[in-house]
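# Remarks on the overall topology
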Amino acid sequence: MRVTMASVAARPGRTNEDFTGAMPTAAVLVDGAGIPGAESTCRHGVAWYATRLGGSLLGLLARLPDRSLPALLAEAIEQVTDDHQDTCDVADPISPSATVAVLRLSGGLVEYLVLGDSFLVLGRADGAPLVVSDPREVIISRSYLPALAAVPEGGDEYRRILQDLRANRNRAGGFWVAKDDPQAADEAITGSCPISELTGAALLSNGASRIVDRFQLTDWPGVLAVLASSGPAEIIHQVRQAEARHGVAADDATIAHCTGLGAA
């Protein structure tokens with residue numbers, strides 16, 4: 001499998017809180033999440049959490065190829081939690097968390113896992129792409145958008161509303177992300193497809209998926225076509241142009257494009 005990656009911070013000088021990495025039989029994308037003031041709960045920060053989680057998960061994928069993807073993600077969450085629970089308030093609602101997308105080649109199959117609102121897109125030789133994401137956070141967040149739009153971004157009231165939103169994480173009726181509870185991995189969307197049916201795959205953070213789900217510049221077949229012709233950086237470039245045109249705050253944007261799936 002060949003993997004081409006691009007990851008760009010929201011703006012110059014800002015730490016990129018996404019992570020992506022790959023090995024010959026797997027690719028991982030982690031999209032870290034946090035809010036201003038979270039430094040009081042975790043001295044390490046969101047970028048540290050995302051990188052640590054992604055690195056742990058890649059190591060487990062390499063060492064334990066027979067374990068299920070949810071089991072590996074649960075162990076990675078537990079490892080990272082153990083790394084900082086003695087120094088940080090890992091259970092606080094505003095402590096760092098992340099969404100996760102994983103692709104693995106195993107026994108003639110492409111196995112996948114998505115936890116949260118990252119995207120995994122599987123190009124199929126016959127038919128439309130299979131698009132995998134978890135809409136629960138997006139659905140719940142919509143009810144908070146009017147209140148967030150009515151107050152200054154980054155202020156105390158803005159942070160309070162975000163904290164209320166994040167209190168819906170990892171509980172029944174809410175949405176699920178990687179944080180401090182390994183049982184969240186059981187809520188991930190998983191599945192598999194025969195490698196022979198697929199032409200390629202892409203993992204995208206929600207900062208990159210904006211090209212389809214927010215700005216509607218193209219559809220998912222169009223995304224795969226641009227990735228094949230111009231690579232992940234072109235998708236992110238188009239997203240940045242759209243953000244500037246529409247006055248939308250930029251987000252970290254990351255893509256891992258996987259081809260040659262049958263060559264693992």
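First, a word on scope: everything that follows refers to the structure included in this document.

Cut-offs applied
- Residues numbered from 1 in each chain as written.
- Predicted model: local features only at pLDDT ≥ 70, side-chain atom pairs only at ≥ 80, totals over all residues.
- Heavy atoms only, no water.
- Axes fitted to C-alpha atoms, helices over the stretch in contact; angles between N-to-C directions.
- Helix = DSSP H or I, 4+ residues; strand = E, 2+ residues; numbered from the N terminus.
- Parallel < 35°, antiparallel > 145°, perpendicular 65-115°, else oblique.
- Left-handed = near helix turned anticlockwise from the far one by under 90°.
- Contact = heavy atoms within 4.5 Å.
- Salt bridge = Lys/Arg side-chain N within 4 Å of Asp/Glu carboxyl O.
- Buried < 20%, exposed > 50% of the residue type's maximum accessible area, 1.4 Å probe, protein only.
- Pairing = 2+ DSSP bridges.
- Polar contact = N/O pair within 3.5 Å; in protein donor to acceptor, adjacent residues only side chain to side chain.
- Expected span 1.5 Å × (residues − 1).

## Overview of the packing of helix α1 (residues 46-63) against helix α2 (residues 69-84)
- Across the interface, α1 lies against α2 with an axial gap of 9 Å and an inter-helix angle of 135 degrees. Classed by the angle they form, the pair α1 and α2 counts as oblique. Considering the relative orientation of α1 and α2, their crossing is right-handed. Across the interface between the two elements, Trp48, Tyr49, Arg52, Leu53, Ser56, Leu57, Leu60, Leu61 and Arg63 from α1 touch Leu69, Leu72, Leu73, Glu75, Ala76, Ile77, Gln79, Val80, Asp83 and His84 from α2.

## A closer look at the pattern of salt bridges
- The tally for this structure, following the rule as stated, stands at 13 salt bridges.
- Salt-bridge contacts for arginine 14 lead to aspartate 252; the nearest nitrogen and oxygen are separated by 3.0 Å. On the criterion of sequence distance, the pair formed by arginine 14 in the loop between β1 (2-8) and β2 (18-23) and aspartate 252 in the loop between α8 (232-246) and β10 (253-259) is long-range, its members being 238 residues apart.
- Looking at arginine 14, the relative accessible area reads 29%, which means it is partly exposed.
- For arginine 136, the salt bridge goes to glutamate 187, with nearest N and O atoms at 3.3 Å. With a gap of 51 residues between them, arginine 136 in helix α3 (residues 136-142) and glutamate 187 in the loop between α5 (156-166) and β8 (189-194) connect regions that are remote in the sequence.
- Arginine 136 gets classed as partly exposed once you look at its relative accessible area, which sits at 26%.
- Put simply, Arg14, Glu17 and Asp252 are held in one network by salt bridges that share partners.

## Points about the sheet that holds strand β5 (residues 109-115)
- The antiparallel open sheet is built from five strands, whose spatial order is β2-β3-β4-β5-β8. Only two strands of the sheet have a single neighbouring strand rather than two, namely β2 and β8. Mean inter-strand twist for the sheet, computed between neighbouring axes without regard to direction, equals 10 degrees.
- Of the pairings in the sheet, the one linking β5 to β8 comprises six bridges and is antiparallel in character. The residue of β8 that forms the bridge with leucine 113 is threonine 190.

## Quick word on the side chain of glutamate 111
- Mapped onto the elements, glutamate 111 comes out in strand β5.
- A polar contact is formed between the side chain of glutamate 111 and the side chain of arginine 104, at a distance of 2.7 Å.

## Observations concerning the pairing of β10
- For β10, the buried fraction is high: six of the seven residues fall into the buried class.
- Relative to β10, β1 runs antiparallel, the two sharing seven bridges. Counted as the bridge partner of serine 7 is threonine 254 from β10.
- Of the pairings in the sheet, the one linking strand β9 (residues 198-204) to β10 comprises four bridges and is antiparallel in character. Paired with alanine 202 across the two strands is histidine 257, which belongs to β10.

## Comments concerning α1
- The terminal C-alpha atoms of α1 lie 26 Å apart, and with 18 residues this matches the ideal 26 Å at 1.5 Å per residue to within 8%.
- Of all 18 residues in α1, 13 are buried, a share of seventy percent or more.

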